[in-house]
Amino acid sequence: MSESQVLPQGAGYGVVVGIGLFFSVFMIGLTAIQARYTGVSPRNSEEFTSASRSVKPGLIASGIVSAWTWAATLLQSSAVAYRYGISGPWWYAAGATVQVLLFAQLAAKLKLNAPYAHTWLEIVATRWGTLAHLVFMFFGLATNLIVSSMLVLGGSATVTSLTGMNTIAACFLIPLGVAIYVVVGGMRSTLLCDYTHTSVLFAIIFTFIFTVYATSGYIGSISKMHLLLSEVTQNMPVSGNAQGSYLTLRSLNGLIFGIINLIGNFATVFQDQAYWQRAIASRPATTVKAYLIGGLAWFAVPFTFSTTLGLAAVALGAVPASSSPTQVPSASDFVPLLRPLTQDQISAGLPASFAAATLLGQSGAAALLVVLFLAVTSATSAELIAVSSLLTYDVYVRYMNPKATEQQVLRMSHLGVVIFALVMGIAGTIFFYIGVSMGWLYTFMGVILGSGVVPIALCITWSKANRMGCIAGAVIGFFAGVAVWLAVTSGLNEGVINVTTSGGNYEMLGGNLASIAIGGIVSVIVSLIWPDNYDFAETRGINLPAVKKTYVEDVETEKKDVSASVKSVSDETELDNELEPVGLMKAFRFAVCASVIMTLVFLIIIPLPLFGASTVYSVTGFSVWVVVGIIWAFCSAFAVVLYPLWESRAALAMILKGMVKDVYAPGSGAYVPPPTRTTMTTA
């Protein structure tokens, strides 16, 4: 039994299997209610993979928060807080927020240059051809595989730590329940699930915040946290931090982690179909708004969570255990309530679970288990539907069956979900047995994925991007990143290269920087020397004829899926109006200004002066730091929990009205499409 195991093994299986199946049934029920009372049903591939491109910004923002909240978001952020103090939460949150903010630019360009694409790889294939499509498919699928492996590894490690559940069982059971509701409900079901998970996530985060900073007998206030962190500093100073303190942003290793974090997360946002999928599913007029809200709201999740539980794990090292013969932390016979964690435990992301179990016992462990499971399953659902889309449109339709029927495409979409659910379990198991942890994978991902970031961004946004230059940049950057990573590992570790030696900060920093820098430099230089002159006319035509044809055929036949097809047709004119180029260019310019300004604030204006000042925060300074984080968390909860309800009030009222009708007159509450035949026949 592990030191942190405070729950019975049955609790682990109960959460992973029980809650997983509960959410599957819940989401299946929501899908059925939605189909009956709103006319929206995932019985066609367009609705299954992209929610008919009609989702409002609040729900998209909630989906972004949920999809970006991995196991690593909660576990790795707490681990870097445990290692580096308050600089860890900042660099984790800031280094993974700016990518979503900057992605707003790509989302705007997507709506402008390829409004009917299903995947980002379809755009690459249309503009640059088969070779580029295959090269960047490697980067896309590798991104999904690494992200999914981190989800499974982090989730299974914590479940095993808290309950003793078999790790391999957890690796396979975690994706199982998720696959069920994704297959049934598709993209819209995934977004509804994201919203539910995000709501529970914030509720539990607030529980931990108020426990640590208000009610806990061990800590209970911001000033007591400051005192305990100062006492721990005397016994275990942080190497590379100003005065060895946990209460400073002057952290060399924290800064190095921030750079690694920044590069790696550019790869996992720009190359992950899950984020493109949300841009595709959103309404054109509000895509930029959704990504800016989602990015700013997500910042609060890792920042407040790790500032709470990550620092609490450190502070509890200065709280005497009941068996301690002395109350003085510096005494040789002092016994802490929470002993210092090993490097393996930290790398596995366990500081949060140790802190939760120590502070709240079984209830804390159970709360963390639930919130972690919801975070893992929500991000897993995003990865499943994303990979399903890639397998369907970029493998099956493009190379195997270009003339696939609607039913064949939908069947392949379902099969893709199941296939990748199994791959996730297998990949997690392999990484577990070879000794690769979530923390190692998190810092490594930029080494092999970073080189594709700039070429992909150029493909969507820059008319002069050169095909061969961008392909060469991605490939050369990949090999350069791996070569530098191995060379630095060998040079710093007397020629010894293994999982342990290759996972250091400087080793990963070298590989990450080489990968993204070489990939970007080669792509830009070649494009400047031999510029293309692409007008994006071809990409704007991706899937357009098929979409129009499907709408008309659905209206003429009016079979089986009448309400969904009629609803699609009636919404088409409004969505087409939102694709007007002038409005989309205005949205793109706004995305550029807003995302660049906020990126400068997060990465330069706030942290670098504080880093240079080498300030160790007093109680007042630390109080401001914590209170601002808590306020930000409340604003985020409002934006992604309450705002989606408000913007969907008409649909919720429609559903409630239909359900009431069915109660008093069974069968009378079903959605009846408005008479729009005249409009439809001219569409």
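Residues numbered from 1 in each chain as written. Predicted model: local features only at pLDDT ≥ 70, side-chain atom pairs only at ≥ 80, totals over all residues. Heavy atoms only, no water.

Peer 1: Can you lay out helix 23 (residues 581-605) for me, pointing to particular residues and giving the numbers?
Peer 2: Along its 25 residues, helix 23 runs 34 Å from first to last C-alpha, staying within 8% of the 36 Å computed at 1.5 Å per residue. All buried positions along helix 23 are accounted for by Leu584, Ala587, Phe588, Ala591, Ala594, Ser595, Met598, Thr599, Phe602 and Leu603. (Helix = DSSP H or I, 4+ residues; strand = E, 2+ residues; numbered from the N terminus. Expected span 1.5 Å × (residues − 1). Buried < 20%, exposed > 50% of the residue type's maximum accessible area, 1.4 Å probe, protein only.)

Peer 1: Any chance you could break down empty space enclosed by the protein for me, citing the residues and the numbers?
Peer 2: What the rule picks out here adds up to 6 cavities of 30 Å³ or more. Lining the second largest cavity, in full, are Ile209, Tyr213, Phe303, Thr304, Thr307, Thr308, Val626, Gly629 and Ile630. For the lining of the second largest cavity, the secondary-structure elements that each account for two or more residues are helix 8 (167-215), helix 12 (287-315) and helix 25 (619-647). Ranked by residues supplied to the lining of the second largest cavity, first place goes to helix 12 with 4 residues. Residue composition of the lining of the second largest cavity, by class: 5 nonpolar, 4 polar and no charged. (1 Å grid on protein atoms, 1.4 Å probe; cavity = no way out; pocket = protein on both sides within 12 Å on 5 of 7 lines; lining within 4 Å. Points joined across faces, edges and corners; volume = space filled by probe spheres on them. Nonpolar A, V, L, I, M, F, W, Y, C, P; charged D, E, K, R; others polar.)

Peer 1: Provide a residue-level description of the confidence of the model for the chain, including the pertinent values.
Peer 2: Averaged over every residue, the pLDDT of the chain is 84; the share at 70 or more is 90%. Counting interchain partners and residues more than four positions distant, the pLDDT-below-50 stretch residues 546-571 has 29 contacts. Below pLDDT 50 for its whole length, residues 677-683 participates in 6 contacts with residues either more than four positions away or in separate chains. (pLDDT = per-residue confidence, 0-100. Contact = heavy atoms within 4.5 Å.)

Peer 1: Go over the side chain of His226, please, and point to the residues and values.
Peer 2: Along the chain, His226 turns up in helix 9 (residues 222-235). Taking relative accessible area as the criterion, His226 reaches 12% and is therefore assigned buried. Not counting chain neighbours up to four residues away, the residues in contact with His226 comprise Leu247, Tyr617, Ser618, Val619 and Phe622.

Peer 1: Just give me the short version of the nonpolar core, but keep the residues and values in it.
Peer 2: Ranked by internal contacts, the top residues of the largest apolar core, which has 210 residues, are Trp70, Phe103, Phe136, Met225, Leu309 and Phe622. Looking at this core element by element, the count peaks at 27 residues for helix 14 (residues 351-400). Other than its neighbours up to four places away in sequence, Phe103 contacts Val269, Phe270, Tyr275, Trp276, Ala279 and Tyr291. (Core = buried A, V, L, I, M, F, W, Y, C linked by side-chain atoms within 4.5 Å.)

Peer 1: Talk me through a nonpolar patch on the surface; I want residue IDs and the actual numbers.
Peer 2: A cluster of nonpolar side chains, contributed by Val17, Leu21, Ile28, Leu176, Ile180 and Val184, occupies part of the molecular surface with about 420 Å² of accessible area. Broken down by secondary-structure element, the contributors of at least two residues to the nonpolar patch are helix 1 (9-38) and helix 8. A relative accessible area of 31% places Ile28 in the partly exposed class. (Patch = residues over 30% accessible without salt bridge, like charges linked within 9 Å, V, L, I, M, F, W, Y side chains within 5 Å. Areas by Shrake-Rupley, 256 points an atom, 1.4 Å probe, with all protein chains shown as cover. Salt bridge = Lys/Arg side-chain N within 4 Å of Asp/Glu carboxyl O.)

Peer 1: Account for helix 26 (residues 649-664), with residues named and values stated.
Peer 2: For helix 26, which comprises 16 residues, the first-to-last C-alpha distance of 23 Å matches the rise-based estimate of 22 Å (1.5 Å per residue) to within 8%. Considered for burial, the residues of helix 26 that qualify are Ile655, Gly658 and Asp662. Buried residues along helix 26 cover an arc of 65° about the axis, so they all sit on one side. Of the exposed residues in helix 26, the ones pointing more than 90 degrees away from its buried face are Ala650, Leu656, Lys657, Val663 and Tyr664. Tucked inside the fold, the buried residues of helix 26 contact helix 1. (Arc of directions from axis to C-beta.)

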